[in-house]
There are 4 protein chains.
Amino acid sequence: MVGQNYIRLLENHPWFEVSYLVASEKSSGKRFPESVSGRWHMPSDIPEGVKGLYVHTLDDFNSAKKECDFVFSALDTDIAKVYEELYAKNGLPVISNASAHRSTSDVPMLIPEINHEHADIIPMQKKNHGWTDGFIVVKPNCSLQSYMTPLSILHERFGLKKAIITTMQAVSGAGHPGVASYDIIDNIIPYIKGEEEKSEREPLKILGKVKGSQIIPATGIDISAHCNRVPTIDGHMACVSVSFKKRPEIDEILSSWKKFVSVPYKLKLPSAPKEAVLYRDEPDRPQTRLDRDNSNGMGIVVGRLRGCNVLQYRFVGLSHNTVRGAAGGGILNAELLKAKRYL
Amino acid sequence: MVGQNYIRLLENHPWFEVSYLVASEKSSGKRFPESVSGRWHMPSDIPEGVKGLYVHTLDDFNSAKKECDFVFSALDTDIAKVYEELYAKNGLPVISNASAHRSTSDVPMLIPEINHEHADIIPMQKKNHGWTDGFIVVKPNCSLQSYMTPLSILHERFGLKKAIITTMQAVSGAGHPGVASYDIIDNIIPYIKGEEEKSEREPLKILGKVKGSQIIPATGIDISAHCNRVPTIDGHMACVSVSFKKRPEIDEILSSWKKFVSVPYKLKLPSAPKEAVLYRDEPDRPQTRLDRDNSNGMGIVVGRLRGCNVLQYRFVGLSHNTVRGAAGGGILNAELLKAKRYL
Amino acid sequence: MVGQNYIRLLENHPWFEVSYLVASEKSSGKRFPESVSGRWHMPSDIPEGVKGLYVHTLDDFNSAKKECDFVFSALDTDIAKVYEELYAKNGLPVISNASAHRSTSDVPMLIPEINHEHADIIPMQKKNHGWTDGFIVVKPNCSLQSYMTPLSILHERFGLKKAIITTMQAVSGAGHPGVASYDIIDNIIPYIKGEEEKSEREPLKILGKVKGSQIIPATGIDISAHCNRVPTIDGHMACVSVSFKKRPEIDEILSSWKKFVSVPYKLKLPSAPKEAVLYRDEPDRPQTRLDRDNSNGMGIVVGRLRGCNVLQYRFVGLSHNTVRGAAGGGILNAELLKAKRYL
Amino acid sequence: MVGQNYIRLLENHPWFEVSYLVASEKSSGKRFPESVSGRWHMPSDIPEGVKGLYVHTLDDFNSAKKECDFVFSALDTDIAKVYEELYAKNGLPVISNASAHRSTSDVPMLIPEINHEHADIIPMQKKNHGWTDGFIVVKPNCSLQSYMTPLSILHERFGLKKAIITTMQAVSGAGHPGVASYDIIDNIIPYIKGEEEKSEREPLKILGKVKGSQIIPATGIDISAHCNRVPTIDGHMACVSVSFKKRPEIDEILSSWKKFVSVPYKLKLPSAPKEAVLYRDEPDRPQTRLDRDNSNGMGIVVGRLRGCNVLQYRFVGLSHNTVRGAAGGGILNAELLKAKRYL
């Protein structure tokens, strides 16, 4: 699914072109349309530009190096663990969606609006491994995209202290076939394996600081996540209660979000939304189906900011999990690295 | 919808029989089946026992008094405000689902497993109003049924201090027609008018104490609720983070729930579930569709008890909103009052 | 809903601009955003171009005439009956979505791909009424859009004889609030009031011929429709069994569809899809969610052509009910009339 | 899923008790709860009576023969092909849900309300194979249960000639995991592999006659099926257009259904519904969620009888696919065979 989303979103991209595809043994050797026969799950058809491409095996690094400037990886974690390093070693920058290297201390986990400066560890990473051209960059889990950007903007000014977050996550987050329809129609499943742990651990690295050859996770921040699977197609929603070290006024929060201009937007990255955080005033927004496609699915839509009886404030955040939270996020990372001349 | 659920749930009730129906002017004067023609929304057919009953006007207290021992009220708030008192004044105990009298200090808001002893204010209430036979008893909002019973059991031993709760509430909670299908299929609406306020205020009264002629709400407890509408038919789920004055061990929580034997069950009330709180060990339960019908929809199903990084513990609760949370809850209240000889 | 869809779809239209709005008494006198406050049901925001427009009363024909070249009508049937004639009488061409005039013999019911030549009755209609500039043009019911274009292409060559059609229609077809979510989640309702009658009657007029000052419905064609409401947001699907006077080979059907070039496309109407009928070869297409947005929601997607044991052939058709089947269809009608110089 | 439904439905069965379980190698050797760990998909818990049972391998016919009087088979088709005959050969009657033997001419395909007399081929079947105690009985595909009983009652009097049927089938019909939620939420899939063929072929055998050692399928009946997957949990609905050799009056159809008393009901089979066909007068019934549980899921609910412009009549039928259409149907078959002393 993530791979197919990359192909869909890169059609007509102004900077990048899909020139080479790799996949598991089973699919390799065929042209792309045959390799996904009956398993193309995108709403639009296979783009013309990739219809003629063959699917190659994972191991042919020479061909890959010849045909590509860098690679997007949507590999399964186990395979990613091995192959992402092999691609980097063979001179290819790897923009990864896998979780394999999210905890690796010299691999930046980027949300460009928040921590674009983490990219600057890339030279150290290369040095650590003795890689000349290749490197690895990752993105965080899809579940936290809907609240990490609004929280990090406030963290800058007020210091994030505690957050309790309940997510309502769409079925597309589980890939395909993913969640059985019999399990989720007219139902809520209050559990997604491994999701709460990722949602609690990854923000600390994202909010961390580059020190020497490492990214040191932020400390003094407590995050608790309740992750639920709900019967929606796309879009992860989060209900957030939050406290800061320095308690802001409600107007300060709103103006922080409204005035924030992101580095990706300043750099004119093609996929960067104009508003890093779009705040909606209506009492009942954001809504999953109405707001997930904001800024072509790259927007973070926020609403319902109000006080909290236990922590300081409450709000609701929403993002498109397979665009912003997956392939679109990877593409924005690549755009950032291109603008910063790492690609 | 609530009225129809009463009729459905009272079919074959061992203690009570539907003998008399009142409704708005529009419906009155017709036999019940004609009065709801095309608007009977229950999955089972109209019970034989009420097919012959006529629908009467609200004002005919003499007839009501002659035909009934007490009344269940599913009136709209505005009408309830006026008419529930009139029925009480005219000698009829009123078991209400309306929110009109939930804040009235001498009206008990009962969840029999939690605060059956609040019923003992009834004589004072009668005295306050100069009523001889009539009185008013209410039940709380449906949104809080899934977590108030488990929380109150723990409150007894450990003292509830803070709770942040995110609900995922079924569409039947909005009545009929309620939520438009266009608004909720493939969607989450993170807002239900007035629901968060009720969810934060009502627990304090439920956990309060009878003092003289008043119920004094509990103090020193902070509750914050995020209420969401989700595309499920029946069943309100809640993700709860909670702290206690005296921090329990996880085993103490589990054993508190498991050992608790409720007064309604001891009194052999027909609608009382055997387990006031049914804890499920599976990592992914309760689930809305799988667990809402536990104990004929009167059960509270709880799972996923685990630590919380911000407060002390987290768990998930579920209850059936139109049974336990509405008509079934009203019937259990009536059963309690019958057992306590107030009816 | 239809009115809002017009406003959404006319944003950035190359030929038309929304310059004037009328609505019922309740809404008139306010600016448009205030008039729909909390009831704007489109996925995109209110277009900038109409934010400043005031909503006028239905009766101010002079203002309307001054501000508009023609009007789109999404009035309720009863009001349409009266007011569409009044607008026409007052010199304004009316492009209507209402059913009021669908049976009127000198009012063309247009699907431009099929019966664009019915527009040529407009001068006769004007003459019949003594109207100088105004006239009325209607579009058919949304339920039949998914199969009438493929059938009419075949009718030309082979003569349509019998068709049995079962539709599965999205909830947006019922407007807003329309179908209650409690009635349709995890459910199918095999009944839509009046829909089967329209689906059986309107095709005969669409396939009819202009004779003098009347459109004479086609005869010798038997159509039977089963109309169902299903839990999808947008998109009406139809399963069709069909027989022709002259039995075609299966290849003749496919090539008829593939070779057909529509008059709207030849006229370069902005909303006309390139393929009047897009045939998909996959065994499991069209699908509602995957295919409804084809050609910006104006496409008719067809698949599964195969023999039938009772009639001659079977196929599946799909169209977007609120775009092609409502506002988009009205806009295409207006484009046709503009190209034909009736506007 | 089918096996689990058998276990669920046989809990507290007055005649039968689950005494022995077999499954694939993977599950065998474990107690039943361990063997399905995390994959028990029923809404109610695993019945107490089977919690202690071990799961055995397919091959241990001696143990099976010792522990059982007969077996229910929910095997996959390929395995069923081989093992159902082996069980029969080893002296065990096989009540099968598999499609392996549906076309075998001496194997009865039973819907007891329709063709209970097909059971009388069992002695011939035994003789054909040289089996002493064992035999095989099958049930038809779930898709046709909703219309075959109403059609066969009419067939007796009026002679079925042609039927065009469009089904809207629930996701549980595809087993578990079955249909991916991403593929069916807000969607219709107008294709179910092999389903239309079964729906067109199997009725002919069901309406056939026992002649000597064979069941001879009915002839002169044309059936055409359009099978669709829709986003409902349980319940297959069918829209039917039908013609008879002798055209009935509409009242004759209604009275045929109403007066019909089925043999299973006369025999007092525990799972037999009182009404073989329950006709509902409301214009919008049956509905999937409201009517699927009629007679504990064994009922066939029919409505909307009206004329058809192409064939003679139209109606809508509904049945519960995993109860009547699967395990419940198998249990009714076993009850019939018990009452007829074949078990």
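> Quick rundown of the overall build of chain A? Include the residues and the values.
Per the secondary structure count, chain A includes 14 helices and 13 strands. Taken along the three principal axes of its C-alpha coordinates, chain A extends 60 × 50 × 35 Å. Across the 343 residues that make up chain A, the buried fraction comes to 54%. Partitioning the intrachain contacts of chain A with sequence separation of at least 6 by distance along the chain shows that 74% fall at a separation of at least 24.

> For the relation of the copies chain A and chain C, give the residues involved together with the corresponding values.
If you rotate chain A by 180° and push it 0.0 Å along the axis, it lands on chain C with an RMSD of 0.0 Å. In symmetry terms, the pair is related by a two-fold rotation axis. Nearest to the rotation axis, the C-alpha of D186 of chain A is located 3.3 Å from it, this being the minimum over chain A. A share of 100% of the interface residues of chain A reappears at the interface of chain C, consistent with the copies meeting face to face through the same patch.

> Talk me through the domain arrangement of chain A; I want residue IDs and the actual numbers.
Residues and elements named next belong to chain A. As assigned here, chain A comprises domain 1 (2-141 + 327-339) and domain 2 (143-320). For domain 1 and domain 2, the distance between their C-alpha centroids amounts to 24 Å. Between domain 1 and domain 2, the contact holds 30 residues from the first and 27 residues from the second. The set of elements that each furnish at least two residues to the side of domain 1 that touches domain 2 consists of α6 (112-115), α7 (122-129) and α14 (323-339). With 7 residues, α14 is the largest single contributor of residues to the side of domain 1 that touches domain 2.

> Give me unusual backbone geometry: which residues, what numbers.
The amide bond that connects R285 of chain A to the next residue, P286 of chain A, takes the cis arrangement and shows omega of 5°. Position of P286 of chain A among the secondary structure elements: in the loop between β11 (278-280) and α13 (288-291). Following H176 of chain B, the chain continues into P177 of chain B via a peptide bond in cis, with omega recorded as 5°. Mapped onto the elements, P177 of chain B comes out in the loop between β6 (160-169) and α9 (181-184). Its identity is not glycine, yet S295 of chain B carries a phi of approximately 50°, on the positive side. Mapped onto the elements, S295 of chain B comes out in the loop between α13 (288-291) and β12 (301-307). Exposure remark for S295 of chain B: the 19 C-beta atoms within 10 Å place this residue in the partly exposed category.

> Quick rundown of the pairing of β6 of chain B? Include the residues and the values.
Residues and elements named next belong to chain B. Here β6 lies mainly inside the structure; 9 of its 10 residues are buried. As judged from the 8 bridges shared by β6 and strand β10 (residues 236-244), these two strands associate in the antiparallel manner. Note that in β10 the partner of A163 across the bridge is V242. In terms of strand pairing, β6 meets strand β9 (residues 222-229) through 8 bridges, oriented parallel. Residue pairing in the sheet places A163 in a bridge with I223 of β9.

> Describe the sheet that holds β12 of chain B, with residues and values.
Across a sheet, paired strands are connected by hydrogen bonds in the backbone, their directions being either parallel or antiparallel. All names here are of chain B. One open sheet accounts for 6 strands, arranged β9-β6-β10-β13-β12-β11; its pairing is mixed. Where the open sheet ends on each side, the last strands, each with one partner, are β9 and β11 (278-280). Strand-to-strand twist in this sheet, taken as the mean axis angle between neighbours without regard to direction, amounts to 25°. Where β10 lies against strand β13 (residues 313-319), 7 bridges are found, and the strand directions are antiparallel. In the strand pairing of β13, A238 is matched with G317. In the packing of helix α8 (residues 145-158) onto the sheet, contacts are made with β6, β10, β12 and β13, and the angle to β10 comes to roughly 20°.

> Let's hear about the relation of the copies chain A and chain B: which residues, and what values?
The operation relating the pair of chain copies consists of a rotation about an axis and a translation along that axis. With an RMSD of 0.0 Å, chain A superimposes on chain B once it is rotated by 180° and translated 0.0 Å along the axis. Most of the interface of chain A is mirrored in chain B, where 100% of its interface residues again form contacts.

> Explain the confidence of the model for chain A to me, and be specific about the residues and the numbers.
Per-chain confidence: chain A averages 96 in pLDDT, with 100% of residues scoring 70 or above. Both confidence scores are given for the complex: pTM 0.97, ipTM 0.96.

> Before we move on, can you summarise the packing of helix α1 (residues 2-10) of chain B against helix α14 (residues 323-339) of chain B with the specific residues and values?
All names here are of chain B. Between α1 and α14, whose axes approach to 9 Å, the crossing angle comes to 55°. What the angle tells us is that α1 and α14 run oblique. Crossing hand, α1 versus α14: right-handed. Contact with α1, carried on its side by V2, N5, Y6, L9 and L10, involves V323, A326, A327, G328, G330 and I331 of α14 and no other residues of that element. Of the residues assigned to the contact of α1 with α14, the class counts are 8 nonpolar, 3 polar and no charged.

> Outline the pairing of strand β13 (residues 313-319) of chain C, supporting the account with residue identities and numerical values.
Residue and element names in this part refer to chain C. Counting buried residues along β13, 6 of its 7 residues qualify, which places the element largely inside the surrounding structure. Two strands pair when backbone bridges link them, and strand β12 (residues 301-307) and β13 are joined in this way by 5 bridges, in the antiparallel orientation. Bridge pairing in β13 places R306 opposite R314. Between β12 and β13, which pair antiparallel in sequence order, lie 5 residues.

> Provide a residue-level description of the sheet that holds strand β10 (residues 236-244) of chain D, including the pertinent values.
Residue and element names in this part refer to chain D. The sheet built from 6 strands is open, its strands ordered β9-β6-β10-β13-β12-β11 with mixed pairing. Strands at the two margins of the open sheet, each flanked by one partner only, are β9 (222-229) and β11 (278-280). Ignoring strand direction, the axes of neighbouring strands in this sheet form an average angle of 25°. Running at roughly 20° to β10, helix α8 (residues 145-158) makes contact with β6 (160-169), β10, β12 (301-307) and β13 (313-319) of the sheet.

> Can you lay out the environment of G91 of chain A for me, pointing to particular residues and giving the numbers?
Residue and element names in this part refer to chain A. Summarising the element assignment, G91 is placed in the loop between α5 (77-89) and β4 (94-96). Separated by 29 residues in the primary sequence, G91 and N62 place their C-alpha atoms 9.6 Å from one another. Each residue touching G91, except ones within four places of it in the same chain, is listed here: K65, T132, D133 and G134.

> For the interface of chain A and chain B, give the residues involved together with the corresponding values.
Of the residues lining the interface, 34 residues belong to chain A; the matching set on chain B comes to 34 residues. Among the secondary structure elements, those contributing two or more residues to the side of chain A that touches chain B are β6 (160-169), β9 (222-229), β10 (236-244), α13 and β13 (313-319) of chain A. If one sorts the elements of the side of chain A that touches chain B by residue count, β9 of chain A sits on top with 5 residues.

Reading guide: rules and limits
- Residues numbered from 1 in each chain as written.
- Chains lettered and ligands numbered in written order.
- Predicted model: local features only at pLDDT ≥ 70, side-chain atom pairs only at ≥ 80, totals over all residues.
- Helix = DSSP H or I, 4+ residues; strand = E, 2+ residues; numbered from the N terminus.
- Buried ≥ 20, exposed ≤ 12 C-beta atoms within 10 Å, placed from the backbone.
- Contact = placed C-beta atoms within 7 Å.
- Least-squares fit on C-alpha atoms with pLDDT ≥ 70 in both.
- Domains from an automatic or database assignment.
- Pairing = 2+ DSSP bridges.
- Axes fitted to C-alpha atoms, helices over the stretch in contact; angles between N-to-C directions.
- pLDDT = per-residue confidence, 0-100.
- Parallel < 35°, antiparallel > 145°, perpendicular 65-115°, else oblique.
- Left-handed = near helix turned anticlockwise from the far one by under 90°.
- Nonpolar A, V, L, I, M, F, W, Y, C, P; charged D, E, K, R; others polar.

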